[in-house]
Amino acid sequence: MLETEIKPKFPDDNDEELAILEAIQKKVLWLATLIIHHANNVRPNPDKSKIGGHQASSASMVSILTALYFHYLRAGDRVAVKPHASPAFHALQYLLGNLPPEYLTELRAFKGLQAYPSRTKDPDPVDFSTGSVGLGAAAPAFAALSHTYAQTQFGEVTSRRFIALLGDAELDEGNIWEAVNEHALNGLDNLLWIVDLNRQSLDRVVPGIKAAQLKSLFNECGWNVLEVKYGRKLQYYFSQPGGEGLRRRIDEMSNEEYQSLLRFDGATLRQRLLQVQDADLAKVLGTISDTELPEVFANLGGHDLSALIKVFAEADAHRGSPTIVFAYTIKGWGLPIAGDRLNHSALLTPEQIDKLRESMGIAPEQEWDKFKPASPEGQFCAEVAQRLKNNPAIQAGPLLPASAIPAALNVEQTRQTSTQEAFGRVLRRLADLPEVGPRVVSVSPDVSISTNLAPWINKVGVFSPAVRPHYEEDGPKLMRWQPTPSGRHIELGISEMNFFMLISMLGLSYELNGQHLLPIGTVYDPFVLRGLDALIYGLYNHSKMVFAGTPSGVTLSPEGGAHQSTVTPSLGIELPHLNFYEPCFAREVEWLLLEGLRQCCDRENGNSTYLRLSTRPIEQSLMDKALERLGEDELRRQTIAGGYRLIDWRDEHPNLSEEYVINVVASGTLVPEAAEAVRRLHEEGVSANLINLTSPRRVYEEWQGIRHHNLSTASLKWSDGHLNALFPPTEHHAPIVTVHDGASHALAWLGGIFGSPVISLGVDDFGQSGNRADLYQYFGIDADSIFNAALTALDLIEDRA
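Now for a description of the structure that goes with this document. (Residues numbered from 1 in each chain as written. Predicted model: local features only at pLDDT ≥ 70, side-chain atom pairs only at ≥ 80, totals over all residues. Heavy atoms only, no water.)

1. A word on the pattern of salt bridges
No. 1: In the structure shown here, the tally under the stated rule is 38 salt bridges.
No. 2: Of the charged contacts in the structure, one is a salt bridge between Lys233 and Glu295, with a shortest N-O distance of 2.4 Å. One end of the pair, Lys233, is in helix H8 (residues 232-238); the other, Glu295, is in helix H13 (residues 293-297), and 62 residues separate them in sequence.
No. 3: Among the residues examined, Lys233 registers a relative accessible area of 17% and is labelled buried.
No. 4: A relative accessible area of 43% means that Glu295 is categorised as partly exposed.
No. 5: A salt bridge links Asp784 to Arg680, with the shortest nitrogen-to-oxygen separation between them at 2.5 Å. (Salt bridge = Lys/Arg side-chain N within 4 Å of Asp/Glu carboxyl O. Helix = DSSP H or I, 4+ residues; strand = E, 2+ residues; numbered from the N terminus. Buried < 20%, exposed > 50% of the residue type's maximum accessible area, 1.4 Å probe, protein only.)

What follows is the structure in structure tokens.
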């Protein structure tokens, strides 16, 4: 065929802004690629470890990011960026003046740019961390719900729209579909998802094309579904005589074939396309030169700024439901590795980098340069940066001071009550606090009644952005369940992933929406594990929340092993930025819940709080002697610090000998069994103490803090901290028996503090149905087992002597 000498005129060719955006897009692609190249091939790497950085996946998102940040976004918009697009994101933040240039050479370096966008560890403004695949899409969805709640309750918020940029492979994640199917997200028209549909996963080209199926699923879930499949060049040729043949040829080819054709020159590509006999196809291809054909063939909508701008405008105009845009892209777009099935971890060679730089007209000494400030592109970047700054006319609401949370509420409790019942009564009283109550919002994954939220819900109501019909208004009802905009409880479907994601986003409401919320949630304790990924996500993002895992342990005896949690105490000890408590008494629940809310007020150093509760009624008088001995203020302080000596042999039986001292340590529901065992030890003449360990986590943290300090200073001196209140110096080496309705190893570390012999009792197998006494005896956590373990520990001491 004859080469076409004059290229056709495409729509928007004379658009001044589009020309500037094209230049910015080119610069972002170069900088993102160079950031990764420098980390892998230029920066010293003494240990020769793989650095990585995903040049192909980052390139796939360059056009979408350019259109989004430099055209669509406004102040108050919050964005989650696909994990592998991190370099492109940092490149555009550099162009906007939000990233100092010295960070460009520090990708994946210590205290440099993180591997994936991190709101807590990156130096430029990141709204949502997106390292865990799939969660970066769900977070903005539930943040949009938190925006709606905060705006409904308080009127003004600093946020506007919530956007998630996600890879098509992320749609394989189960948590995505849990979120999409969540009824509470229905009607959120401040939510936009943009799918980078490059049809490649980590190791392969995805066989077939699931776009039609995905669109149908989102549509059936009530989402507004849009797509941007072809760019303006392809659309132009589709409109020409024979153009339907070209559209048909591309639409009907497999992903594998399309990806493979991206890598051919024009003549070979033409030959491959014409392997399908189609007169229309041959006709339209006759108007496209070999030089131009590869560019036209690769002109997908996800890399056409004009097409992206138009689809974003269409999304913005939609009201009444969330919107998802499927943007067709090429993995490795603009790079020599484009479309290669193995390009996920591929890196350009130094020679390829030089060739790319030369093709972009960049001199070696200018490779890190921004646009010149006086250039049209430089001026445009400055204007966009100003546009994206927070609107000074919209002010954040007040940050509730910790001093607004009282030390105690003195809620009246029955003499025999469970920690779960106590929790419900305390939460109900919070509604009466004028400063605190309006800021408290509760969340539950369809277990509000069975976790004792009913008193609170009866007081404050259920939240809905609009009033829903109430069909039981005139009939008898067990509780008030009328969804209205004034309600302060958000009920979700049975999804612990959604639960932890929502409560995490409510816990970040001050940072995201400018309104301080105090989120409190309840979830069945064994199912904390179901939502663990989302919980970790919230903690990583420094969310401030309180949640109760209840009921817990084999103490939930009739429910059987599937509903009996054993490893959750270990999680409570191990997860960062989480204060874990397992109270036994109602007073403890009150003090710890209020402390958890105070932690939510400390936006810099506060932690989230996990209360592991139970339905077992506990005799409250067991606490009386400790209360009398220590006084309420000191007992409350020690409870929050991690525990206290519930029974001290010196107070109970001062005439016993110091020669045989043993410390029994118990948490939560097993304190009564431990108390009975200690009573029997006293009868046997053993000087036994009972330490009620309300927070193994707080005690472990103190031990580790002292240990690390001592190691760094070559000193083995112990401070007068809380550890010495629990284990006085005269008892540092006394044997210890730990007992816990959880895995025995969760408290076994106590022996390592002072080198004490320790016997740890707990639940180290799956549970089963039965009565509580039978299960306690079976697992060896009843009073008899604790008593016998204590005698065995004392024998160990005598044998050593």
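2. A word on the environment of Phe547
No. 1: Turning to its location among the elements, Phe547 is positioned in strand S12 (residues 546-549).
No. 2: What makes Phe547 buried here is its relative accessible area of 0%.
No. 3: Those residues within four positions of Phe547 in sequence are excluded, and the remaining contacts are Phe499, Phe500, Ile503, Gly521, Val523, Leu535, Leu578, Thr609, Tyr610 and Leu611. (Contact = heavy atoms within 4.5 Å.)

3. Quick look at the nonpolar core
No. 1: If you look at the biggest cluster of nonpolar residues, it comprises 156 residues, and the most contacted ones within it are Leu68, Tyr69, Phe70, Leu165, Trp193 and Met505.
No. 2: Of the residues forming this core, the biggest block, 13 residues, is contributed by helix H1 (residues 16-42).
No. 3: Excluding its chain neighbours within four sequence positions, the residues that come into contact with Met505 are Phe128, Ala139, Phe142, Ala143, Ser146, Leu512 and Tyr537.
No. 4: Counting residues in each nonpolar core, the second largest holds 40 residues, with Val554, Phe787, Ala790 and Ala793 among its members. (Core = buried A, V, L, I, M, F, W, Y, C linked by side-chain atoms within 4.5 Å.)

4. Side note on the pairing of strand S7 (residues 440-444)
No. 1: Where burial is concerned, most of S7 is hidden: 5 out of the 5 residues are buried.
No. 2: Side chains Val440, Ser442 and Ser444 of S7 all project onto a buried face; the interleaved residues Val441 and Val443 project onto the opposite face, where all are buried too.
No. 3: Sheet topology places S7 next to strand S11 (residues 518-523); 4 bridges connect them, and they run parallel. In the sheet register, Val440 faces S11, and the bridge partner there is Leu518.
No. 4: Two strands pair when backbone bridges link them, and S7 and strand S10 (residues 489-491) are joined in this way by 3 bridges, in the parallel orientation. In the strand pairing of S10, Ser442 is matched with His489. (Pairing = 2+ DSSP bridges.)

5. What about unusual backbone geometry?
Excluding glycine, a negative phi dihedral is what most residues carry, and trans is how most peptide bonds are arranged.
No. 1: Residue Pro551 is bonded to the preceding Thr550 through a cis peptide linkage, with omega at -10°.
No. 2: Secondary-structure assignment places Pro551 in the loop between S12 and helix H22 (568-574).
No. 3: The phi dihedral of Asn452 falls on the positive side, at around 70°, and the residue is not glycine.
No. 4: With respect to the helices and strands, the residue Asn452 is situated in the loop between S7 and helix H18 (454-460).
No. 5: A positive phi angle is found at His542, which is not glycine, with a value near 65°.
No. 6: Looking at where His542 falls in the secondary structure, it is placed in the loop between helix H21 (532-540) and S12.
No. 7: Accessibility expressed as a relative area gives 28% for His542, which makes it partly exposed.

6. Overview of the packing of helix H3 (residues 62-72) against helix H16 (residues 376-388)
No. 1: For the pair H3 and H16, interaxial distance at closest approach is 9 Å and the crossing angle is 70°. On the basis of their axis angle, the class for H3 and H16 is roughly perpendicular. Two secondary-structure elements touch here, H3 through Tyr69, Phe70, His71 and Tyr72 and H16 through Phe380, Cys381, Val384, Arg387 and Leu388.
No. 2: For the contact of H3 with H16, the per-class residue count stands at 7 nonpolar, 1 polar and 1 charged. (Axes fitted to C-alpha atoms, helices over the stretch in contact; angles between N-to-C directions. Parallel < 35°, antiparallel > 145°, perpendicular 65-115°, else oblique. Nonpolar A, V, L, I, M, F, W, Y, C, P; charged D, E, K, R; others polar.)

7. Focus on the sheet that holds strand S19 (residues 736-739)
No. 1: One open sheet holds the 5 strands; their spatial order is S16-S18-S17-S19-S20, and the pairing between them is mixed. Since the sheet does not close on itself, it has two edges, and those belong to strand S16 (644-647) and strand S20 (758-761), each with one partner. On average, adjacent strands in this sheet sit at an angle of 25° to one another, irrespective of strand direction.
No. 2: Two elements, strand S17 (residues 661-666) and strand S18 (residues 687-692), share 6 bridges in a ladder whose sense is parallel. Residue pairing for S18: Ala666 is matched across the bridge by Asn692.

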